[in-house]
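Fold and geometry: a report
Residues per chain, in single letters:
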Amino acid sequence: MLYQRSSALFKEAEKVIPGGVNSPVRAFNAVGGTPVFVKEAKGAYLFDEDQNKLIDYIASWGPMILGHAFDPVVEAIINKAKQGTSFGMPTEIETKIAELTIKMVPNIDKIRFVNSGTEACMSAVRLARGYTKKEKIIKFAGCYHGHSDSFLIQAGSGAVTFGTPNSPGVTQGTAKDTLLAKFNDLESVKALINANKDEIACIIIEPVAGNMGCILPQNNFLHELRTLCDANNILLVFDEVMTGFRLAKGGVQELYNIKADIVCFGKVIGGGLPVGAFAAKNEIMNYLAPNGPVYQAGTLSGNPLAMAAGYAMLSELDANPEIYTELEQKTEYLHKGLSKVLNKHNVEHTINRIGSMISVHFAKDSVIDFDTAAKGNNQTFKDFFHGMLDQGIYIAPSAFESWFLNNALSYKDLDETISACDHHFSKK
Ligand SMILES: *Cc1c(COP(=O)(O)O)cnc(C)c1O
């Protein structure tokens, strides 16, 4: 496949946009080469600027769970746009999507809409701090909650110590309030709680991690966290920006039968438009302005186009729960096919999967946290990424990303993907 026009467009973009991209995950820094520029997409396929057709496993990093340019969503956007695109005044569609989400998601009474997952997580943490009147938070290494200062933290010198900034521009003052635990390691959480008695406002977690590959909670981890939070007056915040409406109508709360205190959404909830949201029971949500003292606002929050797109998407999922079974079956089929081929070629690998999320790690041992994810063979991944791209299969350009299946994918697409993998490794 040729990528001449993509390369030319990238050169132009680099002159006026840092790194040529508006979000670093789109760059090819981890795999080498230049990013593919998309012209359009429909269903499971991307069509790039060089007229290549690619089978898409990113789904815009999650939102396009029903495939690209899904007709009901596109129509909803067009119809709304004709009536005006933003008012800065309340609209009925905001209440409709709020009612629908509250119906679909367990354990929430009220929801506030924002414009991105970052905003949702940032606001959820502020709310947790305001509500508990405590300042520190615990997050897990490898979990991503957007690019707000409090989350750009890496492990400090000792396990039970404060975090340190992992980006210039994040102050030490902010970093000291974020404590870092290990995913799937309850002892690491207990140690932080004991060392910071009565100072921790919340634990924020991707209840199924999707930003270090796909990593499942092991051995009742989430329920153990719930118990710890209850015993220590700490709020449990589920960042379901990735998993919400993707793994089940009610997300991980439904799937694992567990209650979080605050839940964050993004991605699917906006149907491909920029939307985030956070939700909780009345007692907590009533702490938000204008009812309560915790300030949070947004000029374009609840934007009518975004709400119409999200409402159309969620309505489809709500009315057709079999979508989740179909997606799971497709993902299982892909998992089995890829495993078979990788075993045939004796490629060391671990595949993690749940619902429509799957990740292939070129590592021998189980991948259960950031450290085990980081053990994967990066060179094998780079070669694999380019080998698949050459055959028209688009996976995320990083070994630390999950694949997101969309329900427009056919079994023929999955077979093509499995054969592409077979072909790639038979050349070795
Ligand atoms: C994508 C993501 C975010 C950030 O959402 P943006 O819309 O990119 O700001 C936060 N948390 C999780 C789990 C995500 O996957």
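Just so it is clear, the structure is predicted and the values come from calculations on it, not from any experiment. (Residues numbered from 1 in each chain as written. Predicted model: local features only at pLDDT ≥ 70, side-chain atom pairs only at ≥ 80, totals over all residues. Heavy atoms only, no water.)

With respect to the sheet that holds strand β2 (residues 45-48)
Using the following cut-off: Paired strands, in this sense, are two strands between which DSSP finds at least two bridges. Starting at the N terminus, helices and strands are each numbered in turn, a helix being any DSSP run of H or I of at least four residues and a strand any DSSP run of E of at least two.
The sheet built from 4 strands is open, its strands ordered β1-β2-β3-β15 with mixed pairing. Sheet topology places β1 (38-42) and β15 (393-394) at the edges, where each strand pairs with a single neighbour. In terms of strand pairing, β2 meets strand β3 (residues 53-56) through 3 bridges, oriented antiparallel. Bridging from a neighbouring strand, Y45 pairs with I55 of β3.

Points about the packing of aromatic side chains
The test is simple: For Phe, Tyr and Trp, rings pair up if their centres lie within 6.5 Å, where Trp contributes its six-membered ring, and each pair is then called stacked (planes under 30 degrees apart), edge-to-face (over 60) or tilted (otherwise). Relative accessible area decides the class of each residue, using a 1.4 Å probe on protein chains only: under 20% of the type maximum gives buried, over 50% gives exposed, and in between gives partly exposed. Charge-over-ring placement is defined geometrically: NZ (Lys) or CZ (Arg) within 6 Å of the ring centre, and within 35 degrees of the ring normal.
Taken as a whole and assessed by the stated rule, the structure comprises 14 aromatic pairs. On the basis of an interplanar angle of 85° and a centroid distance of 6.1 Å, the ring pair of F140 and F183 is categorised as edge-to-face. Of the two residues, F140 sits in strand β5 (residues 136-140) while F183 sits in the loop between β8 (178-181) and α6 (186-195), which places them 43 residues apart along the sequence. Both residues of the pair, F140 and F183, count as buried. Taken together, the ring pairs in this structure connect Y57, F362, F384, W403 and F425 into an aromatic cluster. Taking the ring centre of Y45 as reference, the NZ or CZ of K53 above it sits at 4.0 Å.

Here's the deal with the UniProt feature "modified residue: N6-(pyridoxal phosphate)lysine" (unreviewed entry) in the chain
Counted only if it meets this: UniProt positions are given in the numbering used here, feature names are shortened, and annotations may be inferred rather than shown by experiment. Note on contacts: a residue pair qualifies if any of its non-hydrogen atoms lie within 4.5 Å across the two residues.
If you check UniProt for "modified residue: N6-(pyridoxal phosphate)lysine" (unreviewed entry), the listed places come out as K267 in our numbering. On the secondary structure map, K267 appears in the loop between β11 (262-265) and β12 (276-280). Classification of K267 as partly exposed rests on a relative accessible area of 24%. Ignoring any residue separated from it by four or fewer positions in sequence, one finds K267 in contact with W61, P63, V241, M242, G272 and V275.

Notes on the domain arrangement of the chain
Filter applied, for reference: Note: domain ranges come from an automatic or database domain assignment. Buried area counts how much accessible surface, traced with a 1.4 Å probe, disappears from two parts once they are put together, with both parts' losses summed. For this analysis, a salt bridge means a side-chain nitrogen from Lys or Arg found within 4 Å of a carboxyl oxygen belonging to Asp or Glu.
Under the domain assignment, the chain is made up of domain 1 (4-68 + 324-426) and domain 2 (71-319). Taken residue by residue, the interface counts 29 residues in domain 1 and 32 residues in domain 2. Around 2,400 Å² of area is buried between domain 1 and domain 2 when both sides are counted, 66% of it from carbon and sulfur atoms. Per-residue buried area on domain 1 facing domain 2 is highest for Y324, I354 and M357; these three make up 27% of the total on that side. At the junction of domain 1 with domain 2, the criterion picks out 3 salt bridges.

Considerations on unusual backbone geometry
A cis amide bond links A289 to the next residue, P290, at an omega of 5°. Its place among the elements puts P290 in the loop between α9 (282-285) and α10 (304-319). Phi is positive for N220, close to 65°, though the residue is something other than glycine. Unlike most non-glycine residues, K267 shows phi in positive territory, near 50°.

What to know about the site of the ligand
Heads up, the condition is: Near is defined per residue: the residue qualifies when any heavy atom it owns lies within 4 Å of the molecule or strand. Definition of a polar contact: a pair of N or O atoms within 3.5 Å, with one able to donate and the other able to accept a hydrogen when the atoms are protein atoms, and with sequence-neighbouring residues admitted only if both atoms are side-chain atoms. Note on areas: these come from Shrake-Rupley sampling with a 1.4 Å probe, and a residue is covered only by the protein chains present in the view. Each residue is assigned to one class: nonpolar for Ala, Val, Leu, Ile, Met, Phe, Trp, Tyr, Cys and Pro, charged for Asp, Glu, Lys and Arg, and polar for all the others, Gly among them.
Taken together, S116, G117, T118, Y144, H145, G146, E206, N211, D239, V241, M242 and K267 make up all the residues around the ligand. Take Y144: an N or O atom from its main chain is 3.1 Å from a nitrogen atom of the ligand. Across the complex, the protein chains shield 83% of the 380 Å² of accessible surface that the ligand would expose by itself. A breakdown of the residues in the shell around the ligand according to their chemical character gives 3 nonpolar, 6 polar and 3 charged.

Some details on the pattern of salt bridges
By the definition in use, this model includes 17 salt bridges. Across the pair E12 and K15 runs a salt bridge, and its minimum N-O distance is 3.2 Å. Within this pair, E12 and its partner K15 are both found in helix α1 (residues 4-16), separated by 3 residues, close to a single helical turn. Here E12 falls in the partly exposed class, since its relative accessible area comes to 48%. Via salt bridges that share partners, K103, K249 and D318 belong to a single interconnected network.

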